[in-house]
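# Chain and residue survey
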Amino acid sequence: MRLATWNVNSALSRLPRLLPWLDERAPDVVCLQETKLSDEAFAETFDEPLREGGYEVAHVGEGRWNGVALLSRVGLDDVVRALPGVPSFGDAVEARAVTATCGGLRVTSVYVPNGRTPDDPHYAYKLEWLAALAASVTDPATTVIAGDMNIAPADADVWDLTQFVDSTHVTPQERKALTALQDTGLHDVVRDRWPSERIYTYWDYRAGRFHQDKGMRIDLVLAGSDPAGRVRAAWIDRQARKGKGPSDHAPVMVDLDTAPDGDLGPVVPPPSARK
C-alpha cells in the first residue's frame, strides 16, 4: 500500500498537476489539504476523473479556505467529517480533518491551523485543535494521521532557525503539542527512516527558496505500530514541487509492505545545493 499526503494549496490551481501525479505515482491512499473548494465544487471537478482512476473520495470543504480530502483505492469506510470535540474559530468549525478506514487503517487527513503569530488568538486555537487531534486517537496501533501539521518538529527541520525567532511553527508549545500527539503511540515514519538527513516538505514561493533548498519539514505521516512496522520506503516527492504552477508543498510518500520504486529517499530528486 502506498500512502501519500500533499498540501496542494488550491485543488483547482493544481488540477493540471494533481491528476497526472496520481497516474504516475499511483498512491493507494491520498490525504489532501488546502483544497480551497466547497464539497459541491470539489465533486463537480474531481469526482468523475478520480472515480475513473479507481478512487473513492471523502472531501470536507468550505470554499475559499482550508478543505481536506481522502482518496482511496483500498476502501473508504466509516467516514467522519470532523474531529470529536474540535474547537471552532469564530463562529465556524473549519474544514481541517476527515477520517475514514482505508485498507484496514484508520486514516485522518489533517490541516492543522497555522497559528499566525504567538500572540494571535489563532495560536491558542491551534493548540486547542492539536489537543483535540490527540484526544481523537482511540486505537493508535492502526492509526495514520497525515497532513500539514504547520509545525517543524525539531530545529533540524528548518533551514535557518534564526529566521523564525518569535514566529509560529517552532515554538516550544507547538512542539510540545505535537509530542503529545505522538505520545499516543504514533511514529514520525519519515524521520524514523531518515534520522539525520536534511528533509524539507515546504518551500516558500518567495526569493527562490526552493532552488536554494531553504525549506521546512511541516508535512508529516504519523503512524501507529501496525503501519509503522510495515514501512518499506518513506520519501518526499520533490519532483512535484518543480516546474510550472506547483504547490509550495511537496507530497510525502510512504510505502507499506513493498516499495515499488525501491528504497527511495529521503528526497526525490535530491535537493539543490544550499546557497
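Everything in this summary refers to the structure shown in the same document. (Residues numbered from 1 in each chain as written. Predicted model: local features only at pLDDT ≥ 70, side-chain atom pairs only at ≥ 80, totals over all residues. Heavy atoms only, no water.)

## Considerations on the overall build of the protein chain
Heads up, the condition is: Each helix is a run of DSSP H or I of at least 4 residues and each strand a run of E of at least 2, with the numbering of both proceeding from the N terminus. Only C-alpha atoms enter the radius of gyration, while the globule expectation follows 2.2 Å times N to the 0.38, with N the number of residues. Only protein chains enter the calculation, and the probe is 1.4 Å; a residue is then buried if its accessible area is under 20% of its type maximum, exposed if over 50%, and partly exposed in between.
The secondary structure content of the protein chain amounts to six helices and 13 strands. For the protein chain, the C-alpha radius of gyration of 17 Å lies close to 19 Å, the compact-globule estimate for 275 residues. Seen through its C-alpha atoms, the protein chain measures out along the principal axes to roughly 45 × 45 × 35 Å. Counting over 275 residues, the protein chain shows a buried share of 54%.

## Description of the environment of Phe210
Short version of the rule: We call two residues in contact whenever any of their non-hydrogen atoms come within 4.5 Å of each other.
The topology assignment puts Phe210 in the loop between α5 (189-193) and β10 (219-223). It is 29 Å that separates the C-alpha atoms of Phe210 and Leu256, two residues lying 46 residues apart in sequence. Ignoring anything within four residues of it in the chain, the contact list for Phe210 reads Trp203, Asp204, Arg238, Arg241 and Lys242.

## What about the sheet that holds β10?
Two pairing modes exist for strands in a sheet, parallel and antiparallel, and in both the strands are linked by backbone hydrogen bonds. As a reminder, the rule being used: Strands were regarded as paired on the criterion that DSSP finds at least two bridges between them. Helix axes are fitted to C-alpha atoms over the stretch in contact, other axes to C-alpha atoms as well, and angles between N-to-C directions run from 0 to 180 degrees.
Spatially, the six strands line up as an open sheet ordered β5-β6-β7-β8-β10-β9, and their pairing is mixed. Every other strand in the sheet has two partners, leaving β5 (77-80) and β9 (187-188) as the edge strands with one partner each. Relative to β10, strand β8 (residues 143-148) is paired through five bridges, and the arrangement is antiparallel. Bridging across to β10, Gly147 finds its partner in Leu220. Running at roughly 30° to β10, helix α4 (residues 172-182) makes contact with β8, β9 and β10 of the sheet.

## Some details on the state of the cysteines
Basically, it comes down to this: The term disulfide is used for any two cysteine sulfur atoms that are within 2.5 Å.
Considering all chains together, one arrives at zero disulfides under this definition. Cysteine Cys31 remains unbridged, with the sulfur of Cys102 as its closest cysteine sulfur at 7.6 Å.

## What about helix α2 (residues 39-52)?
Residues lying three or four places apart along an α-helix face the same way, a consequence of the helix completing one turn every 3.6 residues. Applied cut-off: To estimate the expected span of a helix, subtract one from its residue number and multiply by 1.5 Å. The bend reported for a residue corresponds to the angle between axes fitted to the seven residues ending at that residue and the seven starting there.
Taking 1.5 Å as the rise per residue, α2 with 14 residues should run 20 Å; its terminal C-alpha atoms sit 19 Å apart, in good agreement. Of all the bends in α2, the greatest reaches close to 50° and is centred on Phe46; the proline Pro49 follows between one and four positions later. Residues of α2 that are buried include every one of Phe42, Phe46 and Leu50, and no others. Where the residues of α2 are buried, they touch α1 (15-25), β3 (56-60) and β4 (68-72). The positive-phi residue at the C-terminal boundary of α2 is Gly54, with phi of around 90°.

## What to know about the pairing of strand β11 (residues 231-237)
Look at any regular strand and the pattern is simple: side chains alternate between the two faces of the sheet. Of all seven residues that make up β11, six are buried, and the element is covered over most of its length. Where β11 meets strand β12 (residues 252-256), five bridges bridge the pair, whose relative direction is antiparallel. Opposite Ala234, over in β12, you have Val254 as the bridge partner. Here two bridges tie β11 to strand β13 (residues 267-268), and the two strands are oriented parallel to one another. Bridging across to β13, Asp237 finds its partner in Val268.

## Thoughts on the pattern of salt bridges
The test is simple: In what follows, salt bridge is the name for a side-chain nitrogen of Lys or Arg lying within 4 Å of a carboxyl oxygen of Asp or Glu.
This structure, assessed with the given rule, holds 18 salt bridges. The shortest N-O distance in the salt bridge between Asp39 and Arg81 comes to 2.5 Å. Placement of Asp39 in helix α2 and of Arg81 in the loop between β5 and β6 (97-102) is noted, with a sequence separation of 42 residues between them. The class for Asp39 is partly exposed, based on a relative accessible area of 24%. A relative accessible area of 42% means that Arg81 is categorised as partly exposed. Here Asp213 makes a salt bridge to Arg198, at a shortest N to O gap of 2.8 Å. Note that Asp213 is positioned in the loop between α5 and β10 and Arg198 in the loop between α5 and β10, a separation of 15 residues in sequence. On the basis of relative accessibility, which here comes to 2%, the residue Asp213 falls in the buried class. Within the structure, one salt-bridge network assembled from shared partners comprises Asp157, Asp188, Arg191 and Arg217.

## With respect to the side chain of Asn66
Formally: The definition of a polar contact used here is a pair of N or O atoms within 3.5 Å, where within protein one atom must be able to donate a hydrogen and the other to accept one, and adjacent residues in sequence count solely through side-chain atom pairs.
Inspection of the secondary structure assignment puts Asn66 in the loop between β3 and β4. Look at Asn66 and you get buried, because its relative accessible area is 6%. A polar contact is formed between the side chain of Asn66 and the side chain of Glu62, at a distance of 3.0 Å. In this structure, Asn66 is in contact with Glu34, Thr35, Lys36, Glu94, Ala95, Arg96 and Tyr111, ignoring residues within four places of it in sequence.

## So, the side chain of Arg175
You can see Arg175 is positioned in helix α4. For Arg175, a relative accessible area of 16% translates into the label buried. Beyond its immediate stretch of four places on either side in the chain, Arg175 contacts Ile151, Ala152, Pro153, Ala154, Asp155 and Val170.

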